[in-house]
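# Tertiary structure, described
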Amino acid sequence: MVTFTTAAKVKSTLRKYNTSISDAEIEDFISHAEGLIKAIMRGKFTAVFSSSKHGLIERAATDLAAFDLLNYDPSSFSSVAEASMIGDFLWTSIELDIKLLTDERIIEYLNNAT
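Described in the following lines is the structure provided in the data block. Model, not experiment: these values are computed from the prediction. (Residues numbered from 1 in each chain as written. Predicted model: local features only at pLDDT ≥ 70, side-chain atom pairs only at ≥ 80, totals over all residues. Heavy atoms only, no water.)

### Regarding helix α1 (residues 7–14)
Along α1, the residues classified as buried are Ala7, Val10 and Leu14. For α1, the arc enclosing every buried residue in end-on projection is 60°, short of the 170-degree limit, so these residues lie on one face. At its buried positions, α1 is contacted by α2 (23–40), α3 (55–72) and α4 (80–101). Trailing α1 by a residue or two, Arg15 shows a phi angle of about 65°, which is positive. (Buried < 20%, exposed > 50% of the residue type's maximum accessible area, 1.4 Å probe, protein only. Helix = DSSP H or I, 4+ residues; strand = E, 2+ residues; numbered from the N terminus. Arc of directions from axis to C-beta. Contact = heavy atoms within 4.5 Å.)

### Notes on α3
The end-to-end C-alpha separation of α3 is 25 Å, in line with the 26 Å expected for 18 residues at 1.5 Å each. Within α3, 14 of the 18 residues are buried, which leaves it mostly tucked inside the rest of the structure. (Expected span 1.5 Å × (residues − 1).)

### Regarding the nonpolar core
Among the nonpolar cores identified, the biggest contains 32 residues, and Ile37, Ile57 and Leu101 are the most heavily contacted of them. Contributing elements (two or more residues each) for this core: α1, α2, α3, α4 and α5 (104–112). Every residue in contact with Ile37, bar those within four places of it in the chain, is listed here: Phe4, Ile57, Ala60, Ala61, Leu64 and Leu101. (Core = buried A, V, L, I, M, F, W, Y, C linked by side-chain atoms within 4.5 Å.)

### Some words on the packing of aromatic side chains
How two aromatic rings sit relative to each other is set out by the distance from centre to centre and by the angle between their planes. Tallied over the full model, the rule gives three aromatic pairs. Ring centres of Phe4 and Phe49 lie 5.0 Å apart, and the angle between their planes is 50°; this geometry places the pair in the tilted category. One end of the pair, Phe4, is in the segment before α1; the other, Phe49, is in the loop between α2 and α3, with 45 residues separating them in the sequence. The residues Phe4 and Phe49 share a single accessibility class, namely buried. Ring geometry for Phe67 versus Trp91: centroids 5.1 Å apart, planes at 40°, classification tilted. Of this pair, Phe67 sits in helix α3 while Trp91 sits in helix α4; the two residues are 24 residues apart in sequence, bridging distant segments of the chain. Owing to a relative accessible area of 19%, Phe67 belongs among the buried residues under this scheme. (Phe/Tyr/Trp six-rings, centres within 6.5 Å; stacked < 30°, edge-to-face > 60°.)

### Concerning the environment of Asp28
Summarising the element assignment, Asp28 is placed in helix α2. In this structure the C-alpha to C-alpha distance between Asp28 and Glu58, which are 30 residues apart in sequence, comes to 16 Å.

### Brief notes about the side chain of Asp73
Structurally, Asp73 can be placed in the loop between α3 and α4. Among buried charged residues, Asp73 stands out as having no salt bridge; its nearest opposite-charge side chain is Lys16, 13 Å away. Of the polar contacts made by the side chain of Asp73, one reaches the side chain of Ser75; its length is 2.5 Å. Every residue in contact with Asp73, bar those within four places of it in the chain, is listed here: Asn18 and Ile21. (Lys, Arg positive; Asp, Glu negative; His and termini not counted. Salt bridge = Lys/Arg side-chain N within 4 Å of Asp/Glu carboxyl O. Polar contact = N/O pair within 3.5 Å; in protein donor to acceptor, adjacent residues only side chain to side chain.)

In structure tokens form, the structure reads like this:
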């Protein structure tokens, strides 16, 4: 079961994707992304997840899953250059999110968000 994002949000982020890929397949990408995020936070995120309070975590999971989906099947894009550009944009966002999620002060803030 996925926690931090949904297949619909991943589809919305990527916009172009092979529509024959099922939500269950996208949820596999989300599960992988969520596992990575939990490892990055080293178990220090203890709050009950809420997308309204923990948007950073949601964005990280969504972008990681969208990046995996793009790499899995880039055929929906008109060119390799277009797919690469989208991948670069996603990766830039992912790098920032990972950097923030490794900061214990950020995790403490997310744990105490009201």
